[in-house]
Amino acid sequence: MNFVDLIIKKRNRQRLEEKEIEFFVNGAAKGTIPDYQIAAMLMAICINGLDNEETACLTSEMTASGKILDLSRIRGIKVDKHSTGGVADTTTLILAPLTASLGLPVIKMCGRSLGHTGGTLDKLESIPGMKTRLTADEAIEQVNSKGIAIMGQTADLAPADKVLYELRDVTGTVESIPLIAASIMSKKLAAGADAIVLDVKCGSGAFMKTPEEALRLAETMLAAGKKAGKKTAALITDMNQPLGSFIGNSLEVIEAAEILKGRNDNDLKTVSLALGSKMLVLGGIAKDGKEGLEMLNENIENGRGLKKFEELISLQGGNPDVLYDYELLGSSLSSLSVKIRQSGFISSIDTYKIGKASVVLGCGRLSKTDTIDYTAGIIMKKRLGDPVNPGDTIAELFAADSEKCREAAEIMRSALTITTAPPKKSPLILYELE
Ligand code: URA
C-alpha cells in the first residue's frame, strides 16, 4: 500500500477502508510512516473529517496498537469515567472514592495537566508521599482487596495515540472531533473497563465551545464505545466557568475533601454526583439515576466516601492526615487578591484564560519538562451572574512569587465581562446520552 495514495484519498474527501486505516495506525505506531506523511494525513482528516464507521475503525486500530488491560481478575462490573478536560474539574477525586465506598470496583487510569486543563495525576501527587505509578498487577490486587486504585497510564497502552497526539499538538490538528474521539476512546478501551461514562465539557474552557460540537463529539465517542461492545453513556456539561471554586493541585484536593465532608454544595458536587450515579447504574449497583444519587448523598453524610479517600491515600503511600489538616499540603509564599474595578454583573468568564492564569501561577506545565508548583492556584470568589462592585475580590491567587501573581491577575481581569444586566442562566448539565 502506498501511503501517499491514502493521503490524497482523504484530501479528496473519500472514505478510508478498514485495511487502509489499519495500515496508517500500524505505520504510526511502528514508525514506518514518516512524521511528515502522518501529519499530512492528520490535517486531511482534520479538514475533511471521518464518518462514524471510519472513526470507530481508527479507534479500534489505535486500541489494538498496544496492550489491552485484562481486568477479568477483578470481580464485578468495572466502570471507567473520562472527562474531555476542563478547569477546576475535580470530579474524579470525589466520585472515585464515593462510588468505591458503595461497592463499585474502581480502577482508574488518569492523565496529567494538559494545556490550560488540570490532570488528576498531578492533583493526587500534591499529597505528600502519594504514589501513582502502579503496575497493572498491583492495581488489580489493590482493587480486589480494597476496592480502589488510581494510577498513571502505562506506556504500552494505545501507543499509536502517543505518536498521533504529539504530532497533532504541533500541527494545529488537535481540535478535530474524530481525532479527539479516537484518542480518548482508544485509551479508555485499552484500559479494559466493561462500561464507560463520558463527561463531555462544553464552553469557553473546553475543547468543544458550542453544544452542537459537544453533542457531535459525544455521539462519536458513544458510537465507538458501542461498536467495541461497551456500555457507554455521556453527559454534556457546562464549562463556561470553572466547575469548582478551587483551581490548582492541592487546592483541588481540599475542595474534593470539603465536598466529601458534606460542607460544600456546588456545581462541582452536582456534576460529580451525576457522573457517579451513572457509574453506579452501569455498574449494576443502583437501579436508576435517582437511587444512585441517594446512595452517593448518603455516603457523603455518613462519611464513608471520605473514609475511602483516606484509605486510597494510605494504600498508595500518601499522608491521609492532609484530609483533616490542610496545612500539611503546604502553602504558597505569595498571594494576591484580584479586585474588580467596575460594578455590574459577571456576564461571561473566559474559562480558557482562567486556566491559563493557573498555569502562569505554576499549576500546570508550559513545557514537558516543567515542574508543577502543587500549592499554587486560584480560589474563585465569584461565579457567573454574581453582582459586583468596585473593590470586590473576584479571586485569591497563590504562587511562589509576587510577579507570577501579578501576571495571572491581569489575565484574570481580562477573562471577565461585566455588564449592567445579569446574564441568562444556562444549564449545568446540558444533555444526557446513552
Ligand atoms: N484528550 C485526549 O486524550 N485526546 C485528545 O485528543 C483530546 C483530549
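Residues numbered from 1 in each chain as written. Predicted model: local features only at pLDDT ≥ 70, side-chain atom pairs only at ≥ 80, totals over all residues. Heavy atoms only, no water.

### Details of the pairing of strand β9 (residues 377-380)
Okay, step 1: Both faces of β9 are covered, namely the face carrying Gly377 and Ile379 and the face carrying Ile378 and Met380.
Okay, step 2: Relative to β9, strand β6 (residues 246-247) runs antiparallel, the two being bridged by two bridges. By the bridge assignment, Ile247 is partnered in β9 with Ile378.
Okay, step 3: Pairing analysis gives four bridges linking β9 to strand β11 (residues 393-399), with the strands arranged antiparallel. Residue pairing in the sheet places Gly377 in a bridge with Phe398 of β11. (Buried < 20%, exposed > 50% of the residue type's maximum accessible area, 1.4 Å probe, protein only. Helix = DSSP H or I, 4+ residues; strand = E, 2+ residues; numbered from the N terminus. Pairing = 2+ DSSP bridges.)

### Concerning the packing of aromatic side chains
Okay, step 1: Per the stated rule, a full pass over the model turns up two aromatic pairs.
Okay, step 2: For the ring pair Phe3 and Phe23, a centre distance of 6.3 Å and an interplane angle of 40 degrees mean the geometry is tilted. Residue Phe3 is located in helix α1 (residues 3-11), and its partner Phe23 is located in helix α2 (residues 18-30); the two are separated by 20 residues in the primary sequence.
Okay, step 3: For Phe3, a relative accessible area of 5% gives the class buried.
Okay, step 4: Geometry around Tyr165 places Lys187 over its ring, the cationic atom sitting 6.0 Å from the centre. (Phe/Tyr/Trp six-rings, centres within 6.5 Å; stacked < 30°, edge-to-face > 60°. Lys NZ or Arg CZ within 6 Å of the ring centre and 35° of its normal.)

### Some points on the nonpolar core
Okay, step 1: Judged by nonpolar contacts, the single largest core of 80 residues is most densely connected at Ile127, Phe309, Ile354, Leu361, Ile378, Leu397 and Met412.
Okay, step 2: Counting residues per element, this core draws most heavily on helix α12 (residues 267-282), at eight residues.
Okay, step 3: Those residues in contact with Phe309 that sit more than four places away from it in its chain are Leu93, Pro97, Leu124, Leu260 and Leu323.
Okay, step 4: Core analysis: the second largest hydrophobic core is formed by 22 residues, Ile33, Leu50, Leu58 and Ala182 among them. (Core = buried A, V, L, I, M, F, W, Y, C linked by side-chain atoms within 4.5 Å. Contact = heavy atoms within 4.5 Å.)

### Looking at the sheet that holds strand β12 (residues 416-419)
Okay, step 1: Strand order in the open sheet formed by three strands is β10-β8-β12, and the pairing between neighbours is antiparallel. The open sheet has two edge strands, β10 (387-388) and β12, and neither has a second partner.
Okay, step 2: Sheet topology places strand β8 (residues 344-349) next to β10; two bridges connect them, and they run antiparallel. Bridge pairing in β10 links Gly344 to Val388.

### Here we look at the site of the ligand
Okay, step 1: Tyr165, Arg168, Ile180, Ser183, Ile184, Lys187 and Phe207 make up every residue found near the ligand.
Okay, step 2: One of the side-chain N or O atoms of Lys187 is found 2.5 Å from an oxygen atom in the ligand.
Okay, step 3: When the ligand sits alone it has 240 Å² of accessible area, and the protein chains cover 91% of it.
Okay, step 4: Mapped by element, the contributors of at least two residues to the shell around the ligand are α8 (159-169) and α9 (177-190). (Near = heavy atom within 4 Å. Polar contact = N/O pair within 3.5 Å; in protein donor to acceptor, adjacent residues only side chain to side chain. Areas by Shrake-Rupley, 256 points an atom, 1.4 Å probe, with all protein chains shown as cover.)

### A closer look at the sheet that holds β9
Okay, step 1: With antiparallel pairing, four strands are arranged side by side in an open sheet as β6-β9-β11-β7. The sheet is open, and its two borders are formed by β6 and β7 (334-339), each paired with just one other strand.
Okay, step 2: Sheet topology note: the β7/β11 ladder contains six bridges and is antiparallel. Bridged to Ser335 within β11 is Phe398.
Okay, step 3: Strands in contact with helix α15 (residues 351-361) are β6, β9 and β11; relative to β9, the strand with the most contacts, it is inclined by about 140 degrees. (Axes fitted to C-alpha atoms, helices over the stretch in contact; angles between N-to-C directions.)

### Some words on the side chain of Lys188
Okay, step 1: Among the secondary structure elements, Lys188 is positioned in helix α9.
Okay, step 2: Setting aside chain neighbours within four positions, we find Lys188 in contact with Asp80, Lys81, His82, Lys108, Met109, Ala193 and Ile196.

### Thoughts on the side chain of Ser101
Okay, step 1: By the element assignment, Ser101 lies in the loop between α5 (91-100) and β2 (106-110).
Okay, step 2: Contacts of Ser101, omitting those with residues within four sequence positions, involve Asn299, Arg304, Gly305 and Lys308.

### Observations concerning helix α4 (residues 52-63)
Okay, step 1: Taking 1.5 Å per residue as the helical rise, α4 with its 12 residues ought to reach 16 Å, and the 16 Å between its terminal C-alpha atoms agrees with that figure.
Okay, step 2: Counted residue by residue, α4 has nine buried out of 12 residues, so it is predominantly covered.
Okay, step 3: Restricting attention to buried positions, one finds in α4 the residues Glu54, Thr55, Ala56, Cys57, Leu58, Thr59, Glu61, Met62 and Thr63.
Okay, step 4: The elements touched by buried residues of α4 are α1, α2, α8, α9 and α10 (211-227).
Okay, step 5: The N-terminus of α4 is capped by Asp51, whose side-chain oxygen sits 3.1 Å from the backbone nitrogen of Glu53. (Expected span 1.5 Å × (residues − 1).)

### Quick word on the pattern of salt bridges
Okay, step 1: One pass over the full model with this rule turns up 28 salt bridges.
Okay, step 2: The closest approach of N and O atoms between Arg263 and Glu258, which form a salt bridge, is 2.9 Å.
Okay, step 3: A relative accessible area of 17% places Glu258 in the buried class.
Okay, step 4: Residues Glu434 and Lys278 are paired through a salt bridge, measuring 3.1 Å at the closest nitrogen-oxygen approach. (Salt bridge = Lys/Arg side-chain N within 4 Å of Asp/Glu carboxyl O.)

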